[in-house]
Structure formats: C-alpha cells, structure tokens
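# A look at the structure
Now for the letters of each chain:
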Amino acid sequence: MDLLFPEDLISNLGVPQLIDIRDQLPVNSNYTWGQLAGVRPLEDLTTIALHHDAISKTSTAGNSDLQLATNIAKSHIRLTKNEEKGDAGFPYHVWIRNGKAYWTNNVLDRTYGVASNNGYTVHVCVSGDYVNGDSLTEDDRRVLTAVCVDISKQLPSYKGIKAHCELNATSCPGYDYNRIKADVASYDQMVQERYRNRVNAAYNTVLRFQDLYNKAKDPAFQFKDVALCKLEDIAAYMVQKDYMNP
Ligand SMILES: [Zn+2]
C-alpha cells in the first residue's frame with residue numbers, strides 16, 4: 001500500500017507530500033516487524049489508531065525529525081518489555097512532526113502500537129506530549145487529517161478512527177482526536193463544497209463578461225469603448241493561453 005499523498009489531497013488540505021523514511025530508520029538485527037509479528041492481510045485493516053509519542057517538544061527541540069525518529073526506533077529496539085530481544089524497530093506506521101508526515105513502516109506490518117489490537121490497526125503518531133502541556137499545531141493537525149483521509153480511502157474494510165485511549169487504558173494521544181475524526185469524516189463534503197464555491201465564482205465572471213458585452217454594443221453608452229477594450233484584453237489573454245479552442 002502506497003501512502004504517498006495524491007495531488008488533490010495535497011492541494012485541498014495545503015499539506016506537503018509525505019516523506020518516506022522506511023529505509024532510513026534503524027531496525028533490530030534479529031528480525032523485522034514482519035518476521036517478529038507477521039504481515040496482516042489488507043482486508044483485516046479496519047481502523048486507524050491515533051497516538052502521540054509522549055516526548056515533550058521542549059526536550060527534543062535540538063533534534064532534527066530524522067534524528068528523533070532514529071532515537072525512538074533505537075529505544076524500542078532496546079526495549080525488553082515486549083520481547084527479550086527488543087521490538088523490531090519504529091513502532092508506528094506514520095509519524096508526524098513539524099507539519100510533515102513521515103512514512104515509517106509498511107502498512108501491512110504488524111507493529112506494536114496498541115496491545116491486543118495490532119491485527120486490524122494502522123498506527124499514526126504525532127510527535128509531542130499532549131497529555132503534559134504540548135498542544136497540537138495547525139500544521140500537524142492538517143497533515144494528520146491528510147494521513148487519515150489517505151489511509152481511509154485505501155482500506156477496503158475501513159471502519160473508522162480510534163484514539164489509543166479508546167482501545168486501551170492510556171492517556172494517549174492527549175489531543176482533540178474527535179476533531180480529527182470529524183474532519184476526516186467530512187473531507188469529501190468539504191471538497192464538494194469548495195468546488196461549488198469555485199463554480200459560483202466562475203459564474204460571476206460569466207456575468208461580468210455579459211455585462212461588458214452589453215455595454216460595448218450599446219451605442220448610447222458613454223464608456224462603450226472602455227468596455228470593449230476590457231473584453232479585447234481578456235480575449236488576448238485567452239488566445240495567449242490557447243483557451244479560445246473548445
Ligand atoms: Zn498510543
């Protein structure tokens with residue numbers, strides 16, 4: 001499953017393209033996620049699980065995005081809570097920081113994001129500690145929405161979005177996940193509404209053309225010449241752009 005954003009999603013939400021760093025993150029020398037925990041059939045994936053990484057923004061201000069992602073992967077490889085030899089690597093499928101979405105694991109890989117709920121979930125994480133004082137930036141919220149729209153449209157059995165805390169007893173993710181759910185659910189409607197607004201604006205242009213034409217052809221109108229010149233200006237632009245050919 002290819003997570004790169006389609007062009008219309010990028011322009012509709014004003015977000016940068018997702019960045020694939022799957023082959024830049026450290027992995028456990030003993031196994032991959034697929035070898036450790038298995039690869040899930042696409043049809044089993046029904047739910048996007050929302051997380052934060054619970055690392056405060058001030059504590060990582062000096063880290064580049066890739067440095068911090070690398071540190072997170074290393075800490076999970078060292079972690080022996082789940083497996084004697086550590087987790088396989090970075091625990092989420094997508095990770096967000098500084099308004100950018102990073103593709104961190106194959107979507108089908110069964111990573112450890114929500115205990116007992118990893119067979120059907122795609123894990124999306126925003127960097128920061130939203131339980132202890134950090135707040136979700138507008139840029140991060142927009143790109144999180146884009147990631148969720150992108151994934152939801154590619155899952156044939158998609159059911160919805162769940163915050164980690166709705167699946168397990170945890171405070172993760174700490175930000176307003178209901179807003180994300182609502183924005184993702186209304187995305188198609190938002191796109192249609194935006195298109196209708198553009199069509200309405202285009203109709204105002206048509207009305208103005210007609211108005212200029214009526215004035216230009218009226219022998220009694222004082223500024224008929226001005227109206228005609230404006231239409232000729234527009235015509236020259238349309239010729240230049242090759243808009244005169246249907
Ligand atoms: Zn979580």
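Now for a quick tour of the structure.

What counts and how
- Residues numbered from 1 in each chain as written.
- Predicted model: local features only at pLDDT ≥ 70, side-chain atom pairs only at ≥ 80, totals over all residues.
- Heavy atoms only, no water.
- Pairing = 2+ DSSP bridges.
- Helix = DSSP H or I, 4+ residues; strand = E, 2+ residues; numbered from the N terminus.
- Contact = heavy atoms within 4.5 Å.
- Axes fitted to C-alpha atoms, helices over the stretch in contact; angles between N-to-C directions.
- Donors = N, O, S within 2.8 Å, 3.2 Å for Na, K, Ca; no water.
- Buried < 20%, exposed > 50% of the residue type's maximum accessible area, 1.4 Å probe, protein only.
- Salt bridge = Lys/Arg side-chain N within 4 Å of Asp/Glu carboxyl O.

Pairing in this open sheet of six strands is mixed, and the strands run β1-β4-β3-β5-β2-β6 from one edge to the other. For this open sheet the edge positions go to β1 (19–20) and β6 (160–163), each flanked by a neighbour on one side alone. In terms of strand pairing, strand β2 (residues 47–52) meets strand β5 (residues 121–126) through six bridges, oriented parallel. Considered in β5, the bridge of I48 is made with V122. Strands β3 (94–97) and β4 (100–103) of the sheet are contacted by helix α3 (residues 65–78), whose axis makes an angle of about 135 degrees with β3. Packed on one face of the sheet, helix α6 (residues 177–185) meets β2 and β6 and runs near 175 degrees to β6.

So, about the coordination of the zinc ion. Each donor-metal-donor angle in an ideal tetrahedron of four donors is 109.5 degrees, and each such angle in an ideal octahedron of six donors is either 90 or 180 degrees. Looking at the zinc ion, one finds its protein donor set to be H51 (ND1), H164 (ND1) and C172 (SG), positioned 2.0 to 2.3 Å from the metal centre. The sequence pattern describing where the donors of the zinc ion fall on their chain is H-x112-H-x7-C. Of this pair, H51 sits in strand β2 while H164 sits in helix α5 (residues 164–167), placing them 113 residues apart in sequence. Residue H51 is classed as buried on the basis of its relative accessible area of 1%.

So, on to the pattern of salt bridges. On inspection of all chains with the given rule, the structure shows 10 salt bridges. A salt bridge links D139 to R142; the nearest nitrogen and oxygen atoms lie 2.6 Å apart. Separated by three residues within a single helix, D139 and R142 lie in helix α4 (residues 138–154), roughly one turn from each other. Residue D139 is classed as partly exposed on the basis of its relative accessible area, which comes to 43%. Classification of R142 as partly exposed rests on a relative accessible area of 28%. Where K181 meets E166, a salt bridge forms, and the shortest distance between an N and an O atom there is 2.9 Å. Note that K181 is positioned in helix α6 and E166 in helix α5, a separation of 15 residues in sequence. Residue classification places E166 among the partly exposed residues on the basis of a relative accessible area of 35%. Each of E138, R141, R179 and D183 takes part in a single network of salt bridges with overlapping partners.

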